[in-house]
Amino acid sequence: MSENTRKFKNPVINWIEYRLPIFSFIDDSVGSNYPSPRNLNYWWNFGSLAGVTLVVMIATGIFLAMNYTPHVDMAFDSVERIMRDVNYGWLMRYVHMNGGTMFFIAVYIHIFRGMYYGSYKEPRELLWIIGIVIFLAMMATAFVGYVLPWGQMSFWGATVITNLFSVIPFFGDSIVQWLWGGFSVDNPTLNRFFSFHFLLPFVIFALVFLHLWALHEHKSNNPTGVEIKGDADVIPFHPYYTAKDAFGLGVFLIFFLGFTFFAPNFFGEPENYIRANPLVTPAEIVPEWYFLPYYAILRAVPDNFIDAWGILPVIITAKEAGVILMFASIIALAFLPWLDSSKVRSAKYRPIYKQLFWVFVADTFVLGYIGAHPAEGHFLLIGRIATAYYFFHLLILLPLLGRFEKTRPLPESISASVTNASSEEGQ
Amino acid sequence: MGKIFIAAGLALGLSFGVFASDASASSGKAAPSQEWTFDGVFGNFDRAQLKRGYQVYQEVCAACHSLSQIYYRNLSEIGFTEDEVKKIAAEFEVPRGPDDEGETHEDGEQIMRAAKPFDKLVQPYANEQAARAANNGALPPDLSLVTKARKGGANYLHALLTGFADAPEGFKMQDGMSYNVYFPGAQIAMAPPIDDDAVEYADGTKASKDQISRDVAAFLTWTAEPELEDRKRIGIKVLIFLIIFTAMLYAVKRRVWAKLH
Ligand code: HEM
């Protein structure tokens, strides 16, 4: 034990390190003693950006919670009081509101990065799955958080989404009532959502810890998708990636705070500045932008689904099918390590996958666009096609492609690719 | 590479924002953009305009619409002196709390006192039922947040207030409704509230319908976003700092990575 203790120059640090080797732990995790591939590009910044955003969310959230009142008669006004009478309350709230958006932007890019470079493949399957669990926990957190200001969209969004659980066979209705704490979305619902909203970010924090633990076991993937083979392939995390991440954070904050200060409601729904009213249904119930693709999938199943196919015994209703598809669209991502049959990780060396990847990205944008529109007419048709393609890509294309695709030759090592790249296009 | 990811982030953000924003545009005609002093990165409220807007609200809209998030004391933020605020408040009455004997009523009548700066603006109706009863069953919404609660914000308000017209032939109007293309469904249960010279401005500004609408829209932008000026002022400082700091971080990054080759 003690022979493992590293020596530092500062005697105080040494004293602590001898008793609690926290400084070597930091150094081994994000310091000069953590080796990283030397060729990581800027797409690798988004993990740390998501981490910083989580901390920002917790920090601002704690201050909001000091002034927020989780009661149906007071929640809306307490948020307005935060905006008007609490010192810098408007700043806390707008940072928190826009932070939710930024968190999802960072994490979506982070996920797409993983898909492009095949980062989910052996031996990083668990790392990937923990990531998907974090994503699910984020969605739950953002959903219950959005209910807290108790505007019209808060209330009706909560009503629509909690109702989805009623499709669960046999227990559906009891589960929904149990979630509500009553017979509709009401004060008990708001109370428990506040409680969950406070708890979940800390659960996410713990999950991030596991995520990083798994990451450090096999280190980062990299643009070539070729594993680290020797010392020439790696550079110490500090100072190289600390410097690169710090610069990336600067750019990200400019984007984040640009919206926060100059267009704080850009991503929001005006309707949510109207106090919740159980008697008035908004013309259109739309979720926050980051849920739109899933909302499109949810509503993609035709109402006359069963009739349309001429199947007489009604097996499942359109609503049930929609809910199943929506959850399946996320769960399917967790199975990517096994769905994607290619031995080659990076899209750089997979000419067909590379194009299909961008088609898939475009497909999710189309789904997002459809999710913001009423499910009718050609919107519905496009939504159905895009939903079908989403699953076609994950469940059919990826398993087959790995068998037939002719991949480009892989570089011998990361360092070999870097020395060649300078003559090619560069990173 | 850096540029690409900024662009990607922007594209993602903007496209979804834009998609989301035209989602319910189908409901009413889009309001044309007007020029406002509070637009843009350096935008500021025009205090004289806010005061005029308050006058319009008080003399016209307050007959039907509440402004529940605003206290009389807040009026000092738009240029009224403390004495003026006290005087404005004192023109209104609010229910008096219990006295030493615990009495709140005298001969069955609620005892009233003059309003003070710490009171909320007095509301026109005691409750929703009373408001509906006085307005043919329609509910005049609270206006504190209305510019944030409608697409188009101040532009929408200006368009709505100036957009009343006779219904085109063949358009089925319900009883007591007014035709207005900017309102979803083009029928609104509010009669045109203003006309030229509906108020007389103390500062001599000509009170055209357009001017009155503009002033009250600006005032209601302030009631919805009283932090707007602070927000933009601090925002500029923060962004200037961040841009310089990020440029320095970029230089540091370049220097650190230069060692590699
Ligand atoms: C994973 C991190 C988090 C996410 C994604 C998140 C997301 C959100 C969202 C989307 C809202 C609604 C904002 C609005 O439209 O007004 C919200 C509100 C709120 N959040 Fe969070 N939050 C997070 C962490 C936290 C934490 C850790 C706390 C406190 C301990 C907190 C406390 C609050 C409070 C009190 C509100 C209501 C005030 C308001 O609506 O602005 N949040 N959150």
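Analysis parameters
Residues numbered from 1 in each chain as written. Chains lettered and ligands numbered in written order. Predicted model: local features only at pLDDT ≥ 70, side-chain atom pairs only at ≥ 80, totals over all residues. Heavy atoms only, no water. Helix = DSSP H or I, 4+ residues; strand = E, 2+ residues; numbered from the N terminus. Rg over C-alpha atoms; globule rule 2.2 N^0.38 Å. Buried < 20%, exposed > 50% of the residue type's maximum accessible area, 1.4 Å probe, protein only. Contact = heavy atoms within 4.5 Å. Areas by Shrake-Rupley, 256 points an atom, 1.4 Å probe, with all protein chains shown as cover. Lys, Arg positive; Asp, Glu negative; His and termini not counted. Charge placed at Lys NZ, Arg CZ, Asp CG, Glu CD. Phe/Tyr/Trp six-rings, centres within 6.5 Å; stacked < 30°, edge-to-face > 60°. Lys NZ or Arg CZ within 6 Å of the ring centre and 35° of its normal. pLDDT = per-residue confidence, 0-100. Donors = N, O, S within 2.8 Å, 3.2 Å for Na, K, Ca; no water. Tetrahedral: all angles 85-135°; square planar, octahedral: opposite > 155°, others 65-115°. Salt bridge = Lys/Arg side-chain N within 4 Å of Asp/Glu carboxyl O. Domains from an automatic or database assignment. Buried area = accessible area lost by both parts, 1.4 Å probe. Nonpolar A, V, L, I, M, F, W, Y, C, P; charged D, E, K, R; others polar. Polar contact = N/O pair within 3.5 Å; in protein donor to acceptor, adjacent residues only side chain to side chain.

Asks: Looking at this structure, how should I read the overall build of chain A?
Replies: Of the regular secondary structure elements, chain A holds 17 helices and two strands. For 427 residues, the compact-globule formula gives about 22 Å, and the C-alpha radius of gyration of chain A, at 24 Å, lands near that figure. In terms of principal-axis extent, the alpha carbons of chain A reach across some 65 × 60 × 40 Å. A burial count over chain A gives 53% of its 427 residues as buried. Here the contacts in chain A between residues at least 6 apart in sequence split such that 79% fall between residues at least 24 apart. In the structure as shown, chain A presents an accessible area of about 20100 Å², 69% of it carried by carbon and sulfur atoms. One finds the centroid of the 27 positive side-chain charges in chain A at a distance of 8 Å from the centroid of its 31 negative side-chain charges.

Asks: Would you take a moment to explain the packing of aromatic side chains for this structure?
Replies: Per the counting criterion, the structure on display carries 54 aromatic pairs over all chains. Here Phe-104 of chain A and Tyr-290 of chain A contribute two aromatic rings whose centre-to-centre distance is 4.0 Å and whose plane-to-plane angle is 5 degrees, an arrangement assigned as stacked. Placement of the pair is Phe-104 of chain A in helix H5 (residues 89–116) and Tyr-290 of chain A in the loop between helix H10 (237–262) and helix H11 (292–298), with a sequence separation of 186 residues. Comparing Phe-104 of chain A with Tyr-290 of chain A, the two get one shared label, buried. Measuring from ring centre to ring centre gives 5.0 Å for Tyr-116 of chain A and Phe-357 of chain A, while their planes differ by 75 degrees; the resulting arrangement is edge-to-face. Of this pair, Tyr-116 of chain A sits in helix H5 while Phe-357 of chain A sits in helix H15 (residues 351–371), placing them 241 residues apart in sequence. When sorted by exposure, Tyr-116 of chain A lands in the same class as Phe-357 of chain A, which is buried. Among the aromatic residues, ring-to-ring pairing joins Phe-104, Tyr-108, Phe-135, Phe-255, Phe-259, Phe-266, Phe-267, Trp-289, Tyr-290, Phe-291 and Tyr-294 of chain A into one connected group. The aromatic ring of Trp-257 of chain B is capped on one face by Lys-244 of chain A, whose charged end is 5.1 Å from the ring centroid. Against the face of Tyr-201 of chain B rests Arg-52 of chain B, its NZ or CZ located 5.6 Å from the ring centre.

Asks: Just to check I follow, could you spell out the confidence of the model for chain A for this structure?
Replies: Low pLDDT means the predicted coordinates in that region are not meant to be read closely. Looking at chain A, pLDDT values average 93 and 94% of them are 70 or higher. Long-range and interchain partners of residues 423–427 of chain A, a stretch whose pLDDT sits below 50, account for five contacts in this model, where long-range means more than four residues apart.

Asks: I'm lost on the coordination of the iron atom of the ligand in this one. Help?
Replies: For a metal with four donors in a tetrahedral arrangement, the ideal angle between donors is 109.5 degrees, while six donors in an octahedron ideally sit at 90 or 180 degrees. Residue and element names in this part refer to chain A. Protein-derived coordination of the iron atom of the ligand comes from His-96 (NE2) and His-197 (NE2), at a distance range of 1.9 to 2.0 Å. Angles of 89 to 179 degrees at the metal separate the six donor atoms of the iron atom of the ligand, which places the site in the octahedral class. One end of the pair, His-96, is in helix H5; the other, His-197, is in helix H9 (residues 187–218), and 101 residues separate them in sequence. Considered together, His-96 and His-197 belong to a single accessibility category, that of buried residues.

Asks: Any chance you could explain the pattern of salt bridges here in plain terms?
Replies: Where charged atoms of side chains with opposite charge meet at close range, the side chains can pair. Applying the stated criterion across every chain, the model contains 19 salt bridges over all chains. The partner of Arg-84 of chain A in a salt bridge is Glu-80 of chain A, and the shortest N-O contact between them spans 2.8 Å. Of this pair, Arg-84 of chain A and Glu-80 of chain A both sit in helix H4 (residues 75–84), four residues apart, roughly one helical turn. Here Arg-84 of chain A matches Glu-80 of chain A in class, with each residue buried. The residue Glu-225 of chain B makes a salt bridge to Arg-231 of chain B at a minimum N-O spacing of 2.8 Å. In this structure, Glu-225 of chain B and Arg-231 of chain B share a single accessibility class: buried. One continuous salt-bridge network, built from bridges that share partners, spans Lys-121, Asp-340, Arg-350 and Glu-405 of chain A.

Asks: Just to check I follow, could you spell out the domain arrangement of chain A for this structure?
Replies: Accessible area lost on assembly of the parts is the figure often given for the size of an interface. All names here are of chain A. Its domain assignment divides chain A into domain 1 (43–277) and domain 2 (286–413). Computed over C-alpha atoms only, the centres of domain 1 and domain 2 are separated by 23 Å. Contacts between domain 1 and domain 2 engage 41 residues on the former and 37 residues on the latter. Of all residues in domain 1, Met-115, Tyr-116 and Lys-121 give up the largest surface area on contact with domain 2, accounting jointly for 19% of the area buried on that side. Counting across the domain 1 and domain 2 interface gives two salt bridges. Where the side of domain 1 that touches domain 2 is concerned, the elements lending two or more residues are H5, helix H6 (125–147) and helix H7 (152–163). If you tally residues by element for the side of domain 1 that touches domain 2, the top one is H6, at ten residues. When grouped by side-chain class, the residues that make up the side of domain 1 that touches domain 2 number 24 nonpolar, nine polar and eight charged.

Asks: Is there a simple way to think about the environment of Pro-32 of chain B in this case?
Replies: All names here are of chain B. Along the chain, Pro-32 falls in the loop between helix H1 (2–21) and helix H2 (47–59). As a C-alpha pair, Pro-32 and Tyr-182 span 150 residues in sequence and 10.0 Å in three-dimensional space. Among all residues touching Pro-32, those that are not within four sequence positions of it are Asn-155, Ala-159 and Tyr-182.

Asks: When you look at the interface of chain B and chain A in this model, what are you seeing that I'm missing?
Replies: Each side of the interface is counted separately: chain B has 53 residues, and chain A has 52 residues. Counting the surface lost from both chain B and chain A, the interface buries some 4900 Å², and carbon and sulfur atoms represent 76% of this. In this structure, the connection of chain B to chain A is made through two salt bridges. Across the salt bridge formed by Asp-85 of chain A and Arg-73 of chain B, the nearest N and O atoms sit 3.3 Å from each other. Summed over the shared surface of chain B and chain A, the result is six residue pairs in polar contact (both at pLDDT 80 or more). Mapped by element, the contributors of at least two residues to the side of chain B that touches chain A are H1, helix H6 (209–224) and helix H7 (228–258) of chain B. Top contributing element to the side of chain B that touches chain A by residue count: H7 of chain B, with 16 residues.

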